[in-house]
Amino acid sequence: MLTRSSGKNKPSDPASDEQTQRVLSDIGQGISPDEDTFVTSLYHHAATESAVNAFLKKSRAYNLRDRRWKLPRSCAKLLNADICTPFFNILSSILKHFMSEAVKQRKRQVVDTHSTALLHREADGATHFSSPSLVVKAEGPSFQSPDAGQTAPKQSYSNVASCFDVQLDGTDLPISDQLARIGIYARQIFIQQPNRRFARFLVMSESHFRLFHFDRSGAQYSGLVDFHEDPYTFIRLVLGMSSLDESDIGLDTSIQWTIEDGRKVGGTIRTRGPDNQDITYPLTQIEPMVFGSTIRGRSTICWRVRNPATAEPLIVKDSWRSEERASEHIFLQKLVGVPGVVQMVNCEPDRCETRELRGFKEVIPEGFRNRIETRVVMRSYGKSIEEYTSTKQLICALRDAIAGHRGAFGKGSLHRDVSPHNVLLGNSGAEQGDRGILIDFDIAVERRLKTPATSQIGTRLYRSIAALNSCTVPHPLPHDHLDDLESFLYVLVHLMFIYDSNGIAHPIHDMLVRWDEAGDNYRHAARLKEAFLSRDFVPPEVEERWPRPCVDLIIALNKFLDPIMHKKMRLSQLARTVRKREHKELASEANQHYDHILRLFDMTIEALDKPDTWRVAGEVAPDPEALSSGSSSSDSSLEEWIRNYRKEHHPHSMLTPSPVGSLKRALDDDADGQPPAKRSKSPSEGGVGVDSSSSSSGDHDGSW
C-alpha cells in the first residue's frame, strides 16, 4: 500500500476499511517505548562496522561524502514516476553485497509489489488483497510459492521474509493509519506462515524510516530514524529482516517443511521429551488443524503428528499465555489418567517470551503485556462434538465430558471455558468415560483460589448467568463448578436447537440468535438465559427433531439449575462475611450436584434404548426434584423416573409412547424440497480461529 502522488497502477481492495477495523481491534494502539534503543540493538551479528564501512566506500547507492543514500531530495520530481525504484535499488544493492550467494540462488530477492495484489487467506473464503511497496521474496524450509495455476500470482505472503512500505515526505500518514496498514501485512504473514513468532517491517521516506514489530503481545513501533546519518542501523535491519537464518526473520525453526517445486510436501516438529531429550515428530498434515486469524492473544495452533517410534497419532499444541496466567501443562499434569479429559504426553513450557523478542529487560513499557509460549503434546481424539452422527453418541459424549470435568474438579481445577469447541468425541470404540473428551485448559484456574466469576472469561454464548451478571452485582461469587455445569447445558441447547438427532443442520433458532446478538450487553444476555431456565418446555420445532428423552433432559437440567442460579444471584447481593456460611454449604454440595446431573444423563442414555416408553409431545416433563426426593424406585431408567413423577404429580394423565416417525423432520418439510445442510455455521462460530468474541482457543473442526 504505497502512499504516493501517482497511484494509477495501484490495485485497490474495496474491503480495505473492513480489514483496517479488524486489524485495529486486534492489535490495539501499539506501543512506542520512551527509551527507544530497540532499533539500534538489532542484528549486530548481520554486519560488523568494518564490513558496513567497506560497503559504503564502494557502493553506488550511498554517497559517503554527502552522507546520503542516492534518493531525490524532493518528491516533486517524482510526481509522475515510480518512486519505488530508488528504494528498490538501495535494498537490492545491500542484499547483493552482503548476501550475494543467496541472491544468485534466488533464495532472497527484493521484489517491487506496489502494483501487485498479494492475496489474503480468510476463513470465510473472501477475496481480499493488499500491496506492500516492496518485499523480500524468500525460499527455504518455512516458505512456499503460491498455489500453482494459470491465474496464480507469482508472489504471496506465504513466501515473504519482510515488507517495506514507501511514503513521501510531507504525505506521512498518522501513526495509527500506518499501524493499521502495516498490521494488514503482518496479519497475513502470521496466517500464511504459521510458524511465525514475530514480523518486522520498515516504512521509509526520502529522509527517514520507522520500524514496526508485531508479535503475540501486539505491536510496537520506533521513532523516526535518519537512515542517511545512520546507515549502519539501516543496513543491519535490512540484512536481519532478509536473513537466511529464519529465526532472525521471526520464524520458529523447530517447525520445518520439506519443499519440492516451491511447495510444502512434508514436515516435522521438534520438541523436548519427558527425558529432556529432543523428539522430532513427523507432520501428518501440512497445514495446522487449528489456527487463529489474529495477531495478538493466545494464538493457539494445533498440528497433527505421529509418534516416530509407535506411529500413534498425536496433537502438538502451541499457544501464548499471558504471563500472569498459569500454564495449561500444569493442569494437564494433574489430570494424567483421569478419564474424560485430554491426556498430555509431554510438554515444553516457557519456550519463548514476547518481552525477549522486543529486547525488554528490567524496564517494561506501560501498556505491554508479556506472553509466554508453551508447547504441549497430547493424545489424539475424535472430532468436535458438533460432528456427532447419532443422538446416543452426543449424549454419551456430553455425559463423559461432564464426568471428566468432575475429575478435574476433584484434582482442584476449574475449566471455565466449556463450549462445543472444547468437547471432542471419543475415539471409535471408546469405553464409557472416554466417549467425550474435555480439552483446552488454557484459562483454567485452581479452585482453591476462589477466582471471581467474570463476564469476560469463556466463550460468550455459553457463559453462565452468574458470570454474565458479575459486572452488575455488588459482590460477585467465585467462578465455581455450577457455572461450568450451566455451560454444559447451553452446549446441549446449542446442538439441539441447531441440529437434529442425526446431526443435520436446521435454521438457527431465534433464541440463540437473540443470545448472540446481546453481545457485550451482559445483563441483557443474562436475562434472556434466566427466562430460558424458567421454562418447562422446548419449542415444538426442536421437539419434533429429537427423541423425547433428550427434550426431557433439557427441561430437567433447567429445573435443577434454575433455583440454584437464583440462590447464587441472591448471594451475590450480600457481602462476603454475610453470605459465608450459606455459600460454603452450596460449595460443599458439589458431589451431589455432579451425581444428580450425571444421573440425568445416564437415565437419558438408558431411555434412548427404549423408544416405546417415550412420552408424547405436549406431555409435562418430569421435575428433577422427583429424583432427589426419593420418589423414584431402584430402577434408574428415565422411564421409571417419569412414571413415578407422573403418578405423584399428575395421576390422571397417561404416558404413551411417541411414534418414531415424529422424532425427525421429514425432508419434504424443508424449503424447496431440499434436505437441510449438514453442519451450517452456528452463531458462536467466527472466522479462522481462536480469539474473536470469546477466549476460546479456536474452532476444533477436525478430529484430534
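See the structure shown above.
I will try to describe carefully the structure that is included in this document. Given the structure is predicted, the values throughout are model-derived calculations rather than measurements. (Residues numbered from 1 in each chain as written. Predicted model: local features only at pLDDT ≥ 70, side-chain atom pairs only at ≥ 80, totals over all residues. Heavy atoms only, no water.)

1. Notes on the overall build of the protein chain
Thought 1: Each helix and strand in the protein chain was counted, giving 21 helices and 22 strands.
Thought 2: Considering the protein chain as a whole, with its 704 residues, one finds that 58% of them fall into the buried category.
Thought 3: Partitioning the intrachain contacts of the protein chain with sequence separation of at least 6 by distance along the chain shows that 73% fall at a separation of at least 24.
Thought 4: Carbon and sulfur atoms provide 49% of the accessible area of the protein chain, an area that totals close to 28800 Å². (Helix = DSSP H or I, 4+ residues; strand = E, 2+ residues; numbered from the N terminus. Buried < 20%, exposed > 50% of the residue type's maximum accessible area, 1.4 Å probe, protein only. Contact = heavy atoms within 4.5 Å. Areas by Shrake-Rupley, 256 points an atom, 1.4 Å probe, with all protein chains shown as cover.)

2. Considerations on helix α14 (residues 510-517)
Thought 1: Every buried residue belonging to α14 is among M511, L512 and W515, and all of these are buried. Projected down its long axis, α14 shows its buried positions confined to an angular sector of 95 degrees, all on one face. Those residues of α14 that are exposed and angled more than 90 degrees off the buried face are D510 and E517.
Thought 2: Tucked inside the fold, the buried residues of α14 contact α13 (481-498) and α15 (522-533).
Thought 3: G519, located one to two residues past α14, shows a positive phi value of around 55 degrees. (Arc of directions from axis to C-beta.)

3. So, the sheet that holds strand β9 (residues 209-215)
Thought 1: Read from one edge to the other, the open sheet built from 6 strands follows the order β3-β6-β7-β8-β9-β10, with strand pairing classed as mixed. What marks the edges here is a single partner per strand, and that holds for β3 (108-112) and β10 (218-221). Across the sheet, the mean angle from the axis of one strand to that of its neighbour is 20 degrees, orientation sign disregarded.
Thought 2: Across 4 bridges, strand β6 (residues 134-138) lies against strand β7 (residues 160-166) in antiparallel orientation. Residue pairing for β7: K137 is matched across the bridge by V160.
Thought 3: The strands that helix α6 (residues 175-192) touches are β7, β8 (199-204), β9 and β10; relative to β9, the one it contacts most, it runs at about 50 degrees. (Pairing = 2+ DSSP bridges. Axes fitted to C-alpha atoms, helices over the stretch in contact; angles between N-to-C directions.)

4. A short note on the packing of aromatic side chains
Thought 1: According to the stated counting rule, one finds 17 aromatic pairs in the structure shown.
Thought 2: Between Y490 and W515 the ring centres are 5.3 Å apart and the planes differ by 80 degrees, which places this aromatic pair in the edge-to-face class. With Y490 in helix α13 and W515 in helix α14, this residue pair connects regions lying 25 residues apart in the sequence.
Thought 3: Here Y490 falls in the buried class, since its relative accessible area comes to 0%.
Thought 4: Taking the centre distance of 6.3 Å and the plane angle of 80 degrees together, the rings of F497 and F532 count as edge-to-face. (Phe/Tyr/Trp six-rings, centres within 6.5 Å; stacked < 30°, edge-to-face > 60°.)

5. Thoughts on the packing of helix α18 (residues 576-588) against helix α19 (residues 590-608)
Thought 1: In contact at an axis separation of 5 Å, α18 and α19 are set at 45 degrees when each is read in the N-to-C sense. In terms of axis orientation, α18 runs oblique to α19. Contacts between α18 and α19 pair L586, A587 and S588 from the former with A590, Q592 and H593 from the latter.
Thought 2: For the contact of α18 with α19, a count of residues per class yields 3 nonpolar, 3 polar and no charged. (Parallel < 35°, antiparallel > 145°, perpendicular 65-115°, else oblique. Nonpolar A, V, L, I, M, F, W, Y, C, P; charged D, E, K, R; others polar.)

6. A look at the pattern of salt bridges
Thought 1: Within this structure, the stated rule accounts for 42 salt bridges.
Thought 2: A salt bridge links R351 to E348; its shortest N-O distance comes to 3.4 Å.
Thought 3: The exposure class assigned to R351 is buried, which follows from its relative accessible area of 17%.
Thought 4: Between E353 and R355 there is a salt bridge whose closest N-O contact spans 3.0 Å.
Thought 5: For E353, a relative accessible area of 15% corresponds to the buried category. (Salt bridge = Lys/Arg side-chain N within 4 Å of Asp/Glu carboxyl O.)

7. What about the pairing of β9?
Thought 1: Judged by how many residues are buried, β9 sits mostly within the fold: 7 of 7 residues are covered.
Thought 2: Burial along β9 is two-sided: F209, L211, H213 and D215 and R210, F212 and F214, pointing in opposite directions, are all buried.
Thought 3: Sheet topology note: the β9/β10 ladder contains 4 bridges and is antiparallel. The residue of β10 that forms the bridge with F214 is A219.
Thought 4: Count of turn residues in the β9/β10 antiparallel hairpin: 2 residues.

8. Remarks on the nonpolar core
Thought 1: Grouped together as the largest cluster of nonpolar side chains are 94 residues, with contacts concentrated most on F497 and F532.
Thought 2: The greatest single-element share of this core, amounting to 13 residues, is contributed by helix α17 (residues 548-571).
Thought 3: Discounting chain neighbours no more than four positions away, the residues touching F497 are P507, H509, M511, L512, F532, V538, P539, V542, R545 and I554. (Core = buried A, V, L, I, M, F, W, Y, C linked by side-chain atoms within 4.5 Å.)

9. Notes on the packing of α13 against α17
Thought 1: Put simply, α13 and α17 touch, their axes get as near as 10 Å, and they point 145 degrees apart. Both α13 and α17 take part in a crossing whose hand is left-handed. Packed against α13, whose contacting residues are L482, D483, L485, E486, L489, L492, V493, M496 and F497, the element α17 presents C550, V551, L553, I554, L557, N558, L561, I564 and K568 at the interface.
Thought 2: Residue composition of the contact of α13 with α17, by class: 14 nonpolar, 1 polar and 3 charged. (Left-handed = near helix turned anticlockwise from the far one by under 90°.)

10. Examining the environment of E312
Thought 1: By secondary structure assignment, the location of E312 is in the loop between β15 (301-306) and β16 (313-322).
Thought 2: Linking E312 and R379, residues 67 residues apart in sequence, is a C-alpha distance of 8.4 Å.
Thought 3: With residues near it in sequence (within four places) discarded, E312 still touches V305, R306, N307 and R379.
Thought 4: One polar contact links E312 to R379, side chain to side chain, over a distance of 2.6 Å. (Polar contact = N/O pair within 3.5 Å; in protein donor to acceptor, adjacent residues only side chain to side chain.)

11. Considering empty space enclosed by the protein
Thought 1: For the structure shown, the criterion picks out 11 cavities of 30 Å³ or more.
Thought 2: There is about 100 Å³ of room inside the largest cavity.
Thought 3: Mapped onto the lining of the largest cavity, the elements with two or more residues apiece are β15 and β16.
Thought 4: Its residues assigned to classes, the lining of the largest cavity comprises 5 nonpolar, 2 polar and 6 charged. (1 Å grid on protein atoms, 1.4 Å probe; cavity = no way out; pocket = protein on both sides within 12 Å on 5 of 7 lines; lining within 4 Å. Points joined across faces, edges and corners; volume = space filled by probe spheres on them.)

12. A closer look at the environment of L598
Thought 1: Mapped onto the secondary structure, L598 falls in helix α19.
Thought 2: With 192 residues separating them along the chain, L598 and R406 place their C-alpha atoms 9.9 Å apart.
Thought 3: Discounting chain neighbours no more than four positions away, the residues touching L598 are R399, I402, A403 and R406.

13. Looking at the sheet that holds strand β17 (residues 344-353)
Thought 1: With antiparallel pairing, 5 strands are arranged side by side in an open sheet as β14-β15-β16-β18-β17. The two strands at the open ends of the sheet, each matched to only one other strand, are β14 (290-291) and β17.
Thought 2: With 2 bridges joining them, β14 and β15 adopt antiparallel strand pairing. Bridging from a neighbouring strand, V290 pairs with C302 of β15.

14. Quick look at the side chain of D26
Thought 1: Along the chain, D26 turns up in helix α1 (residues 16-27).
Thought 2: One buried charged residue, D26, remains without a salt bridge, the closest side chain of opposite sign being R296 at 4.6 Å.
Thought 3: Within the structure, D26 has its side chain in polar contact with the backbone nitrogen of I295 (distance 2.6 Å). (Lys, Arg positive; Asp, Glu negative; His and termini not counted.)

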